[in-house]
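Chain by chain, the residues run as shown.
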Amino acid sequence: MTASSGDRSQPSGGAASASFDDLVTAATVGLSRKPFAVTELDGPAAAVAGALDTGDPATALLDAAALMTVARRAGFRPEPGIVGSPASPAEAAPELSPRAERSLRQLGGAQLAPGFAAGDKELLGDLLKAAGKAGYVASAPLLPDLLDAAVRTAALRPVVAAVLGVRGRWLAGHRADWQRVVDAGPASTVPTDDPEVWRTGSQAERQAYLAALRARDPNAGRELLAADWARLPADERAALLAALARDLSAGDEEFLDAVLDDRASGVRVIAQLLLTRLPRSRFTERATERATAVLRLERHGHRPSLAVTRPANPDAAAVRDGIDGRLPSPSIGLGAWLLTQLIAAVPMAAWTDLFGLSPGELVALAVEPRLDAARRLDVHAGWRLAAVRQGSAEWAQALLAAGDPDDGGGRPPAAWPDDQRLAAALPSAARAQRAAALLAGTKLTPGPAAANQAIAEVAGAAMPWPGGLADAVMTILGRAAPLAALPRLPRGLLDLAARGLPATGGRDYAAELTRLADAYPQNWTPLVRKTAETVLLRRAFLEEIR
Amino acid sequence: MLWGLCAGSGKNPYQVVVDLGGPAYKCSCPSRKFPCKHALGLLLNWAHGTVPEESAPADFAAAWLADRRARAEKAEKSVVRTDPADSGSPAGSGPVAGQAAAARQARQRAEQRAERVANGLAELRSWLRDQVLVGLSAAAAGPGGRAASARGHADEIAARMIDAQAPGVAGVLRGLSEVPGSGEGWPGRLLGEYAQLQLLARAHQRLGDLPPELAATVRSRIGYPTSRADVLARPAVTDLWAVLGVRDLVDGNVPGRRIWLRGRDSGRWAMLLTFAAPGGGGRFGAAGGWQDPDTARLRPGTELRASLHYYPGQPALRAAAGERQAQPVRAQRPVPAGDADALLAGYATGLEQDPWLTVWPALLTGTPVPPGAGAPGVGAPRGGASGGGPQGNRWRLIDRAGAALPLADRESLWTLLAVSGGHPVTVAGEWHPDGLLPLTVWHGDRAVAL
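None of the values given here were measured: they were computed from a predicted structure.

1. Points about the overall build of chain A
When its secondary structure is counted, chain A shows 28 helices and 5 strands. Taking 546 residues into account, the globule formula puts the C-alpha radius of gyration at 24 Å, and chain A, at 35 Å, lies well above it. By its C-alpha atoms, chain A is 125 × 70 × 50 Å across when sized along the principal axes. Out of the 546 residues in chain A, the part that is buried amounts to 49%. Across chain A, contacts joining residues at least 24 apart in sequence account for 65% of those joining residues at least 6 apart. Taken as a whole, chain A presents about 24600 Å² of accessible surface, with 54% of it coming from carbon and sulfur.

Written as structure tokens, this is what we have:
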């Protein structure tokens, strides 16, 4: 591949004074193809061009390139006239301390992956929520990792958005993916009285604007939404319609009734729910009429009972009101499914008003025909759906006490919210109490279904747990400690304990866990120690934001 | 190579081999003199022209030669690694015995090495000439002209440089495999690298004429070993050294870590370098896995009292730590000595002493600007950081005087931006010919590693 070294032909393309680019061009093509002789050089290297060995063009080119490379490096000039973006306004809220930041990174699994691992998102979410509540904002060096974590994990977006602070929102404005995290949070910085926001703002900003207007003047808010309605995409229609939940009044009925004809089912469902909350709306009247036609209170004899009639197939008006003639699953019959829906569409208060009985009394009633036990479950299914949708704690409490099978006798989830979903309608104290009672009454090794249910109920309780539930969990773990292998229930509880056990307060759960691990060294005790460490890290974090 | 058989007192004749290139001797006689009388006799015969030429060596001679080459290669592999910022090399040779004989042997070895390097660099210059004659694109693409073979177009000559005991040059050449097709302007970058190698080869030709400091620089760039003991014998600079930046080097064969220090009283910069210990797995963050764990665990934002010994060569940057305080303590935010212009002027001065200098320590106050941001009259862009616009697609750091330096693109620039919030911040890093690589930013008094 060596070209003839005796190639001394006179340059044909050689410039008199070569720039570095000339040298690159000549070298790229190759001197054997297109001769090029360097005699003079541009720029600061010109002064020493005389030192080049012109006898051999290839060597001269390399020498010249060396001169110019060094000259270019030494002669690098900064660019003038570059303008930075507007600086971030000052932050008034306190920033998380370096120690809090360190605990957060350790808990977030920063050692395992760059930024935060999604697996620890709940823990991270708890701590960020606590920080936000205490009025802290994320420290600046933490912001990119937090924003990235929130981009990866949608569930973290609201809590991350809440601790971004002025600096974080300023930073997120530089990247479209980060800006979406800001949009998921409270749009507290956007002026909510500037009509321009409604015209040009992001979805979150428009939502905040509508909510603010709604608070000032409910009718004006609804009218603003109605005026824009036709040109909004479905997801925005759903999000903005939900803003009407605040200060809902009879004045909204006409608009909501019209929305029952919306193209998107997600939007229709919101309108149905809102209308259910208007006790004297025509929608509620229609639903109550349909439901009372199939469910009656019989007062024969001294013990009242409920009687059901098989519903007819829904007519067009019923379908418009959300009664679905299609089965959610083949495991339920059409009659049962229609009955469930018809009962669920009624505001729960209507039943107590109509029948003059409390939820507990109603749930305890027998349902005719008594020989068909499934009829009672159909009725309860309707109430369960209604309790979950309408969020009625009193009904949820009553239904949970009814002793129905948790799967509704093999019904699909769409037609039978299980106990756990029902328990979610309870106030958090009642929910934790229920979970604690469930644990107190269970064996260490219940059947898999019972164990999973208990774990799910404990998982559903607000974390960190109130003392009663935390103590119940510790009792189970203490009973399991001597065992060589960890049964399903304590294992599931141990997984939850890192997040659920209170990190602060009277009882030092971390120390108790460590004592358990010391007293009973088993294969699984490293898990107990890890849990204790996590509780300690949470404590360290919480102490920093006190 | 000479070989022969010499009848001694035993049943079998002694097998004698002399490698004239070494010179090195091997004889199966039990004599402890070296070379033995049999080897000397063979040499005498050769000097009188009575040793005939043969096309192939005898088996015993060939076996010894092969064994010797293998050992030489092994020794070569265990030798020193170099770092682009390095103006000196890590310790290679062990403690040297004080006897005159050992010194003579060392001098002989050094002469041999210089000769080998000279021969290798002559080959390199011829190879570089070929690249320019054939054309960079054709040469880089290889004989097949396919882009796939462009990878490793310099690997062969790099291997040759290992043989020639010029590992520093070999390292540069291996790095060039990635340049062809590495994005716009690669021929310019490749020619620049070739030209720097040409300059190094030329400098080595005149090594004896160069001022001692420049000669030391040339030697270290080529990869001559410098013993740590020799470095520690040089005068110490004792100061309170602030750790300003830590850079993990992952490109080389062995992971390394570069620590930038600045002396409080002397105002001097120093750079410590350590490599992952063999068998340590080279995992960053595990201090046990380093040849010098005390250096590897230094963190920006701390300072320690230490006596540093600079390696020979100018500008003096690389140092070895002698006596040092065991536990570094928290340091305050450093105060930059100058702005962007001062940084560039310092680098230019460094280039006067070491034209191969590509890494220069930087400490300045500036405001980071993301790509495409801040065109006059426009707020922060809502549509993301897509480039374009008059300000192009590069990150920059603007100093207080309004001078903008390009920043080397990396994910942690977003952390730099977060800490800055659009306000000036103190940044430590490395200046490279194509931009500033930020390593540390100060968030108030707290150092944040980037």
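2. Quick notes on the confidence of the model for chain B
Residue and element names in this part refer to chain B. Averaged over every residue, the pLDDT of chain B is 81; residues scoring 70 or more account for 81%. Within chain B, helix α2 (residues 59-77) has the poorest average pLDDT of any element, 67, and strand β13 (residues 425-432) the best, 96. Contacts of residues 144-150 to residues separated by more than four positions or lying in other chains number 8 contacts, the stretch itself having pLDDT below 50. Counting interchain partners and residues more than four positions distant, the pLDDT-below-50 stretch residues 374-390 has 29 contacts. The ipTM, which scores confidence in the relative placement of chains, is 0.73 for this predicted complex, and the corresponding pTM is 0.73.

3. A closer look at the side chain of B:Glu303
If you trace the backbone, B:Glu303 turns up in strand β7 (residues 302-310). Although B:Glu303 is buried, it forms no salt bridge, and the closest oppositely charged side chain is B:Arg264 at an N-O distance of 5.5 Å.

4. Overview of the nonpolar core
With 74 residues, the main nonpolar core has A:Leu96 and A:Leu171 as its most contacted residues. Apart from residues lying up to four places away in sequence, A:Leu96 is in contact with A:Leu104, A:Ala131, A:Tyr136, A:Val137, A:Ala138, A:Ser139, A:Leu142, A:Phe541 and A:Ile545. Of all hydrophobic cores here, the second largest spans 54 residues; its members include A:Ala27, A:Phe36, A:Ala65 and B:Val117.

5. Structural notes on helix α17 (residues 334-344) of chain A
Residue and element names in this part refer to chain A. With 10 of 11 residues buried, α17 is to be regarded as a mostly interior element. Of the positions making up α17, those classed as buried are Gly 335, Ala 336, Trp 337, Leu 338, Leu 339, Thr 340, Gln 341, Leu 342, Ile 343 and Ala 344. On its buried side, α17 packs onto α15 (282-294), β3 (295-298), β4 (305-308), α18 (348-355) and α20 (373-390).

6. Overview of the interface of chain B and chain A
With 66 residues of chain B at the interface, the matching set in chain A holds 58 residues. Taken together, the two surfaces of chain B and chain A that pack against each other cover about 5100 Å², and 63% of this comes from carbon and sulfur. One can count 6 salt bridges joining chain B with chain A. Here B:Arg129 and A:Asp56 are joined by a salt bridge, their closest N and O atoms 2.4 Å apart. Between chain B and chain A we count 18 residue pairs in polar contact (both at pLDDT 80 or more) in total. When residues of the side of chain B that touches chain A are traced back to their parent elements, those giving at least two are α3 (100-134), α4 (136-141), α7 (186-205), α11 (340-353), β11 (396-399), β12 (404-406), α12 (413-420) and β15 (446-449) of chain B. Here the side of chain B that touches chain A takes 11 residues from α7(B), the largest share from any one element.

7. Quick notes on the environment of B:Gly245
Residues and elements named next belong to chain B. Tracing the chain through its elements places Gly 245 in strand β4 (residues 236-249). Given the relative accessible area of 2%, Gly 245 is considered buried. Taking the C-alpha atoms as reference, Gly 245 lies 43 Å from Leu 133; in sequence the two are 112 residues apart. Beyond its immediate stretch of four places on either side in the chain, Gly 245 contacts Arg 258, Ile 259, Trp 260, Leu 439 and Thr 440.

8. With respect to the sheet that holds β3(A)
Residues and elements named next belong to chain A. One open sheet accounts for 3 strands, arranged β3-β4-β5; its pairing is mixed. Of all the strands in the sheet, the pair left with one neighbour each is β3 and β5 (366-368). Along the sheet, successive strands turn relative to each other by an average axial angle of 35°, direction set aside. In the sheet, β3 pairs with β4 via 4 bridges, with the strands oriented antiparallel. If you follow Leu 295 over to β4, its bridge partner there is Val 308. Here α20 sits on the sheet and contacts β3, β4 and β5; the angle it forms with β4, its principal contact strand, is near 95°.

9. Observations concerning the environment of A:Gly135
Residues and elements named next belong to chain A. With respect to the helices and strands, the residue Gly 135 is situated in the loop between α4 (121-133) and α5 (143-152). Taking C-alpha positions, Gly 135 is 7.2 Å from Pro 94, a pair spaced 41 residues apart along the chain. Sequence-distant contacts of Gly 135, defined by excluding residues within four places in its chain, comprise Ala 93 and Pro 94.

10. Let's talk about the pattern of salt bridges
This model, assessed by the stated rule, comprises 48 salt bridges over all chains. A salt bridge links B:Asp341 to A:Arg77, with the nearest nitrogen and oxygen atoms 2.8 Å apart. With B:Asp341 in helix α11 and A:Arg77 in the loop between α2 (57-74) and α3 (98-107), the pair connects residues from two separate chains. When its relative accessible area of 33% is taken as the criterion, B:Asp341 is described as partly exposed. Looking at A:Arg77, the relative accessible area reads 51%, which means it is exposed. Of the charged contacts, one joins A:Glu101 and B:Arg446 as a salt bridge, the two residues approaching to 2.9 Å between their closest N and O atoms. In this pair, A:Glu101 sits in helix α3 while B:Arg446 sits in strand β15, so the two residues belong to two different chains.

11. Let's talk about the pairing of strand β10 (residues 360-369) of chain B
Residue and element names in this part refer to chain B. For β10, the tally of buried residues reaches 10 of 10 residues, placing the bulk of the element in the interior. Side-chain alternation along β10 places Trp 360, Ala 362, Leu 364, Gly 366 and Pro 368 on one buried face and Pro 361, Leu 363, Thr 365, Thr 367 and Val 369 on a second face that is also buried. Across 4 bridges, β10 lies against β11 in antiparallel orientation. Within β11, the residue paired with Pro 368 across the bridge is Leu 397.

Procedures and definitions
- Residues numbered from 1 in each chain as written.
- Chains lettered and ligands numbered in written order.
- Predicted model: local features only at pLDDT ≥ 70, side-chain atom pairs only at ≥ 80, totals over all residues.
- Heavy atoms only, no water.
- Helix = DSSP H or I, 4+ residues; strand = E, 2+ residues; numbered from the N terminus.
- Rg over C-alpha atoms; globule rule 2.2 N^0.38 Å.
- Buried < 20%, exposed > 50% of the residue type's maximum accessible area, 1.4 Å probe, protein only.
- Contact = heavy atoms within 4.5 Å.
- Areas by Shrake-Rupley, 256 points an atom, 1.4 Å probe, with all protein chains shown as cover.
- pLDDT = per-residue confidence, 0-100.
- Lys, Arg positive; Asp, Glu negative; His and termini not counted.
- Salt bridge = Lys/Arg side-chain N within 4 Å of Asp/Glu carboxyl O.
- Core = buried A, V, L, I, M, F, W, Y, C linked by side-chain atoms within 4.5 Å.
- Buried area = accessible area lost by both parts, 1.4 Å probe.
- Polar contact = N/O pair within 3.5 Å; in protein donor to acceptor, adjacent residues only side chain to side chain.
- Pairing = 2+ DSSP bridges.
- Axes fitted to C-alpha atoms, helices over the stretch in contact; angles between N-to-C directions.

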